[in-house]
Amino acid sequence: MPIATRAFAATSAEAPLTPYAFTRRDPLPDDVAIDIHFAGICHSDLHMVHNDMGGTRYPLVPGHEIAGLVTAVGANVTRFKVGDRVGVGCMVDSCRTCAPCRAGDEQYCVPGMTGTYGAKDKHAELSGEAITQGGYADKIVVDQAFVVRIPDSLPLDAAAPLLCAGITTYSPLRHWKIGPGSRVAVVGLGGLGHMAVKQAAAMGAEVTVLSTSDRKKADAERMGAKHFLINSDKAAMKAAAESFDLIINTVSATHEIAGHLQLLAHDGTMVMLGLTTEGLPIFAMPLLWRRRSVAGSLIGGIRETQEMLDFCAEHGIASDIEVIAPDQINEAYARLEKSDVRYRFVIDMSKLDHVA
Ligand code: NAP
Ligand code: ZN
Ligand code: ZN
C-alpha cells in the first residue's frame, strides 16, 4: 500500500505554496521509511519554485534538508532500525557505478544523481508521482544508501540544515584543505555562509565575513569570524587585498566579483556556491597575476555528509534556526528573498496537523 503523505507544494512559479496530499511508495527491500520532523528551507528551494533554472515541474514539494525518525525498514536494510535519528539531503539516488559514484562523489554522478525533489521518479509507478517530492512533508521513503545518521548530540531541528547548507560548505573546506593557519573569507552570511563560518573556524582557520551591511557583524563574530567587511566599502576591500587562501562565495544572486578576486592571495581560490544563472565578468589579468582560481562545488557525497555530521557533533556545531509552522512557508520565502533570516528557516512538520 502506498503511504499517504501530507505536504506543502508549489503549483506554479508564482503561486504561494499550499497543502498537497500524495503517496510515497511502499518501502522496497532497500528502503527506509522516515517520519519527517523538521525540514530546512534552502535558497535553492526558492530558485526551483520560481523556475530560475528552467525545467521545474509542478506540483513540486520542495525540501532537501530533512531530519526525522525511522518508522520502517525494508528486508535488506541493516544499517538502520525503527526509531533511529536520520537525515536526507539533496540526493535520493545515483547510478552507483560511474567513477564519481564509486569514489563517493554521488553528487557528480555522470548520468546524473536523482535530486530529492523535482527529478524524474524512478519508482513513479509505485509512488504515483512523476517526479521525486521533497521534505516539506510528513513522510519520505528513501533508499538506505542515501540516508545518514544524525548524531544524538545534535537536536533534529538545528541539524536539518546541515543536510544541504552544512555539507555544501564542508565539502569545499575539506577539498581545499582548510586547517590551522588558513585564511578563509565567506561572502554572504545566510544559511550556507553561517555554516561555513562555524566549520572553517572549527577547522582552525582565520575567518572573515563579507556582507552587504553591518547588520550581521555581531552574529558573525559570535559564530567564530575574526574580521567583518562590508563588500561595498571600497577602502576596506582595498585594505584586504591579497589576504585570503580561500573565498567561499555563497551569494544567491548575480553580483560584482572582480573586486572579490583581488582579495585572493597567491594560489588562492574563490569557490562559487550560489546557483546564479547569469554570466559573471571574470578577467584573466587578476587570475594569472597571482595564479588565482575560480571554482565551483556542488553539495557533497553521502560518505562525506556523514563525516560532516560527525564533525559538527564533535565540535558542537549546528545551524542557527528560526522554526516555523508549515503555513508560514510563504512568509519565510518572502523574508529569505530579502536575506532576512537568522540563519535558516526550519519547518516543524508536527504542525502540519493544524493546516493540511
Ligand atoms: P541565503 O540564506 O539567502 O543567503 C545568501 C546570502 O547572500 C544572503 O544572506 C546575503 O548575505 C547574500 N546576498 C543575497 N543577495 C545578494 C546580492 N544581490 N548581492 C550581494 N550579496 C547578496 O541563501 P543560501 O540558502 O545560503 O544559499 C546561497 C546560494 O547557494 C543560493 O543561490 C543557493 O541556491 C545556493 N546553493 C548551492 C548549493 C551547491 O551545492 N552549490 C547548495 C545549496 C545552496 P548578507 O546578508 O551577508 O549580505
Ligand atoms: Zn540546498
Ligand atoms: Zn554515478
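Novice: Help me understand the nonpolar core, please; the structure alone is not making it clear to me.
Specialist: Here is a general trend for soluble globular proteins: nonpolar side chains tend to be buried in one another's company. Counting residues in each nonpolar core, the largest one holds 93 residues, and the members touching the most others are Ile41, Tyr136, Val184 and Ile329. Each of two domains, domain 1 (3-164 + 318-354) and domain 2 (166-296), supplies a minimum of three residues to this core. Counting 16 residues, the second largest nonpolar core, distinct from the first, contains Val187, Leu261, Leu263 and Leu264.

Novice: Even after reading the chapter, I still don't get the sheet that holds strand 13 (residues 244-249), so can you show me in this structure?
Specialist: Remark on secondary structure: sheet strands pair via backbone hydrogen bonds, oriented parallel or antiparallel. Here we have six strands laid out as an open sheet, ordered 12-11-10-13-14-15, and parallel in their pairing. The open sheet has two edge strands, strand 12 (227-230) and strand 15 (293-296), and neither has a second partner. Averaged over all neighbouring strand pairs, the angle between strand axes comes to 20°, with direction disregarded. One ladder, built from five bridges, connects strand 10 (residues 183-187) with strand 11 (residues 206-211); its direction is parallel. Bridging across to strand 11, Val186 finds its partner in Val209. Its contacts with the sheet put helix 5 (residues 165-175) on strand 10, strand 13 and strand 14 (264-272), and the angle it makes with strand 13 is roughly 160°.

Novice: Before we go on, may I ask you to explain the coordination of the zinc ion (ligand 3) in this structure?
Specialist: Each angle at a metal carrying four tetrahedral donors should ideally be 109.5 degrees, and each at a metal carrying six octahedral donors should ideally be 90 or 180 degrees. Binding of the zinc ion (ligand 3) to the protein goes through Cys95 (SG), Cys98 (SG), Cys101 (SG) and Cys109 (SG), at separations of 2.3 to 2.4 Å. Donor residues for the zinc ion (ligand 3) sit on one chain with the sequence pattern C-x2-C-x2-C-x7-C. By relative accessible area, Cys101 is classed as buried at 8%.

Novice: Can you walk me through the layout of surface pockets in this structure?
Specialist: In this model, the largest pocket occupies a volume close to 1,200 Å³. What lines the largest pocket is a set of 49 residues, and nearest its centre among them are His43, Ser44, His47, Gly274 and Leu275. At four residues, helix 1 (residues 43-49) tops the list of elements feeding residues into the lining of the largest pocket. Among the residues making up the lining of the largest pocket, the classes are represented as 21 nonpolar, 23 polar and five charged. The residues that make up the lining of the largest pocket include at least three from each of domain 1 (3-164 + 318-354) and domain 2 (166-296).

Novice: I'm lost on the packing of aromatic side chains in this one. Help?
Specialist: Where two aromatic rings form a pair, the distance of their centres and the angle of their planes describe that pair. In total, this model carries two aromatic pairs according to the counting rule given. For the ring pair Tyr20 and Phe22, a centre distance of 5.5 Å and an interplane angle of 20° mean the geometry is stacked. Owing to a relative accessible area of 6%, Phe22 belongs among the buried residues under this scheme.

Novice: Help me understand the packing of helix 5 against helix 11 (residues 302-314) in this model?
Specialist: Packed helix pairs are specified by the crossing angle of their axes together with the interaxial distance, meaning the distance between the axes. For the pair helix 5 and helix 11, interaxial distance at closest approach is 10 Å and the crossing angle is 95°. Here helix 5 lies roughly perpendicular to helix 11, going by the angle between them. For the pair formed by helix 5 and helix 11, the contact residues are Gly166, Ile167, Tyr170, Ser171 and Arg174 on the first element and Glu304, Thr305, Glu307, Met308 and Phe311 on the second. Each residue belonging to the contact of helix 5 with helix 11 can be placed in one class, and the counts come to four nonpolar, three polar and three charged.

Scoring rules and cut-offs
- Residues numbered from 1 in each chain as written.
- Chains lettered and ligands numbered in written order.
- Predicted model: local features only at pLDDT ≥ 70, side-chain atom pairs only at ≥ 80, totals over all residues.
- Heavy atoms only, no water.
- Core = buried A, V, L, I, M, F, W, Y, C linked by side-chain atoms within 4.5 Å.
- Buried < 20%, exposed > 50% of the residue type's maximum accessible area, 1.4 Å probe, protein only.
- Domains from an automatic or database assignment.
- Pairing = 2+ DSSP bridges.
- Helix = DSSP H or I, 4+ residues; strand = E, 2+ residues; numbered from the N terminus.
- Axes fitted to C-alpha atoms, helices over the stretch in contact; angles between N-to-C directions.
- Contact = heavy atoms within 4.5 Å.
- Donors = N, O, S within 2.8 Å, 3.2 Å for Na, K, Ca; no water.
- 1 Å grid on protein atoms, 1.4 Å probe; cavity = no way out; pocket = protein on both sides within 12 Å on 5 of 7 lines; lining within 4 Å.
- Points joined across faces, edges and corners; volume = space filled by probe spheres on them.
- Nonpolar A, V, L, I, M, F, W, Y, C, P; charged D, E, K, R; others polar.
- Phe/Tyr/Trp six-rings, centres within 6.5 Å; stacked < 30°, edge-to-face > 60°.
- Parallel < 35°, antiparallel > 145°, perpendicular 65-115°, else oblique.

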